[in-house]
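Below are the chains, spelled out letter by letter.
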Amino acid sequence: MPGYDSLHFTNTDVNEQEMYKLMIAAVVPRPIAWVSSISKEGFLNLAPFSFFTIASRTPPTLLLSIGPGVGERAGTIKDTLTNIREVGEFVINMVPESLGEAMQRSSANLEPQMNEFEYAGVTPKISKTVNVPSVLEAPIAFELKLDRIIPVGEDHLILGTVEHVQVDHSVYGGDFKIEINSWKPLASLAGDFSGLTPPFSIGPADREN
């Protein structure tokens with residue numbers, strides 16, 4: 001029976017990578033923020049982040065966490081963080097299953113002047129309220145203005161105020177509802193990805209936070 005034969009991992013007894021693996025395997029599924037940004041020199045950037053959620057209803061605020069570079073860029077500051085910090089605007093595009101491969105391509109470590117839209121094979125679309133393009137092929141996109149950046153250890157929490165929401169007609173169900181089954185969101189797991197099973201109700205519940 002679960003709970004009667006538990007393993008225990010104290011933070012001081014495991015290393016950083018081991019604790020990270022436990023967290024990303026347990027806190028699932030996670031939505032993916034496919035973030036488009038632009039440098040002050042005008043170079044477009046597109047990159048996915050799975051540490052992402054809603055932070056506030058009033059004002060409408062989204063949150064993502066950006067860590068340092070990895071691989072050959074280990075320890076460096078990611079272009080997305082630099083762009084958001086310097087320009088103060090960004091777009092979070094939501095990722096359906098159909099764009100999974102393009103999203104994964106955009107996670108490559110490229111030089112700042114390289115256009116990840118082109119590398120991923122997607123199209124920049126002019127936004128309504130910010131000077132950063134969204135992904136034309138994405139069914140939903142949030143245009144955001146930077147609220148604040150909060151350092152947490154080696155990572156940075158980005159809080160962005162929602163200025164405008166783009167929703168494709170094909171996924172809009174009316175009355176400000178979005179049909180989940182119409183766009184099939186992609187979820188991040190522990191190094192893998194998954195779609196969602198058909199939604200179901202469990203019973204009466206208070207409004208979600």
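All values reported here derive from a predicted model rather than from experimental measurement.

S.K.: What should I look at first to understand the overall build of the chain in this one?
M.R.: From N to C terminus, the chain includes 5 helices and 14 strands. Along the first, second and third principal axes, the C-alpha set of the chain runs to 55 × 45 × 35 Å. Split into buried and exposed, the 209 residues of the chain put 37% on the buried side. Here the analysis covers contacts within the chain between residues at least 6 apart in sequence; of these, 60% occur between residues at least 24 apart. Total accessible area on the chain stands at roughly 13000 Å², and carbon and sulfur atoms take up 54% of it.

S.K.: Would you take a moment to explain helix α2 (residues 79–87) for this structure?
M.R.: Residues three or four positions apart in an α-helix share a direction because the helix packs 3.6 residues into each turn. Where α2 is concerned, the buried positions are D79, T80, L81, N83 and I84. Where α2 is buried, its residues contact β2 (33–38), β3 (44–49), β5 (61–66), β6 (89–94), β9 (140–152) and β10 (155–167). Among the residues trailing α2, G88 stands out with phi positive, at a value near 85°.

S.K.: Help me understand the packing of aromatic side chains, please; the structure alone is not making it clear to me.
M.R.: What characterises a pair of aromatic rings is the spacing of the ring centres plus the angle enclosed by the ring planes. Counting across every chain of the model gives 1 aromatic pair. Seen in terms of ring centroids, Y20 and F51 are 6.5 Å apart; in terms of plane orientation they differ by 45°. Their pairing is tilted. Of the two residues, Y20 is situated in helix α1 (residues 16–26) and F51 in the loop between β3 and β4 (52–56); the sequence distance between them amounts to 31 residues. Y20 gets classed as partly exposed once you look at its relative accessible area, which sits at 35%. Residue classification places F51 among the partly exposed positions, given a relative accessible area of 32%.

S.K.: How do you make sense of the pattern of salt bridges when you look at a structure like this?
M.R.: Side chains that carry opposite charge are capable of pairing whenever their charged atoms lie near each other. In this structure the tally under the stated criterion is 2 salt bridges. Close ionic contact of E89 with K145 constitutes a salt bridge, the shortest N to O distance being 3.9 Å. Here the residue E89 occupies a position in strand β6, and K145 occupies one in strand β9, the gap between them amounting to 56 residues. Residue class for E89 comes out buried when judged on its relative accessible area of 13%.

Reading the values: rules and limits
- Residues numbered from 1 in each chain as written.
- Predicted model: local features only at pLDDT ≥ 70, side-chain atom pairs only at ≥ 80, totals over all residues.
- Heavy atoms only, no water.
- Helix = DSSP H or I, 4+ residues; strand = E, 2+ residues; numbered from the N terminus.
- Buried < 20%, exposed > 50% of the residue type's maximum accessible area, 1.4 Å probe, protein only.
- Contact = heavy atoms within 4.5 Å.
- Areas by Shrake-Rupley, 256 points an atom, 1.4 Å probe, with all protein chains shown as cover.
- Phe/Tyr/Trp six-rings, centres within 6.5 Å; stacked < 30°, edge-to-face > 60°.
- Salt bridge = Lys/Arg side-chain N within 4 Å of Asp/Glu carboxyl O.

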